[in-house]
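Each chain, written out:
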Amino acid sequence: MSTDAIVLLKQEHKELLRLFKEFRAADPADRAGRADAAQHIVHDLTIHSYLVDEVLHPAVSALLRDPAHPAVLGFQDHRAIDRLCEEVADRGPADPGFDTGMAALLTAAVRQMEREERDWFPLLRAALRRKDLQDIGLRLLAVKETAPRHPPGPVSDAPQGAPG
């Protein structure tokens, strides 16, 4: 298994895209299945965002020591995705805003991943030594085990404000 940070994050992107496809293919009448899939997506995106924002970016900034370096400037935090994860987690499949929220979350996440892979990762690969990327990758793997998770429990299928 590679410990290269970029390889690890691309593997996470691939898994997230698989989860998105699974969610989109789920039967709309299967509220429990859709809720489980949404919870899995929110969980994995929360961890991924934390790793990029709190481990990778600070490590890159520290190594390059130049806030104007393109690899530092190319970073885009995941606050919008984190906010969408919170919105989705507060809703269930029976909520009229659930489908819209999930669509917005998936679209934003795909765009972010595409930008990272197309624009930012090549800058990182060019700016950092292989050893640096491997060391960061090892840190990502270690922190992933203790990274904050979205609050436990499945996304509810009760409408917002309803008991459940």
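See the structure above.
Residues numbered from 1 in each chain as written. Predicted model: local features only at pLDDT ≥ 70, side-chain atom pairs only at ≥ 80, totals over all residues. Heavy atoms only, no water.

Asker: Hey, could you go over the overall build of the chain for me, with residue numbers and the actual values?
Answerer: Assigned secondary structure in the chain consists of six helices and zero strands. Start at the N end of the chain and walk to the C end: the helices and strands fall as α-α-α-α-α-α. In terms of overall dimensions, the chain has a C-alpha envelope of 50 × 30 × 25 Å along the principal axes. With 164 residues in all, the chain has 43% of them scored as buried. The contacts in the chain between residues at least 6 apart in sequence include a share of 81% that link residues at least 24 apart. (Helix = DSSP H or I, 4+ residues; strand = E, 2+ residues; numbered from the N terminus. Buried < 20%, exposed > 50% of the residue type's maximum accessible area, 1.4 Å probe, protein only. Contact = heavy atoms within 4.5 Å.)

Asker: An account of the environment of T46 is requested, with residue identities and associated values reported.
Answerer: Structurally, the position occupied by T46 is in helix α2 (residues 31-64). On a C-alpha basis, the gap between T46 and H69 in space is 27 Å, while along the polypeptide they are 23 residues apart.

Asker: Talk me through the side chain of Q112; I want residue IDs and the actual numbers.
Answerer: Take Q112: it is sitting in helix α5 (residues 98-127). By relative accessible area, which is 6% here, Q112 ends up buried. The residues touching Q112, leaving out its near neighbours within four places in the chain, are Q76, D77, H78 and I81.

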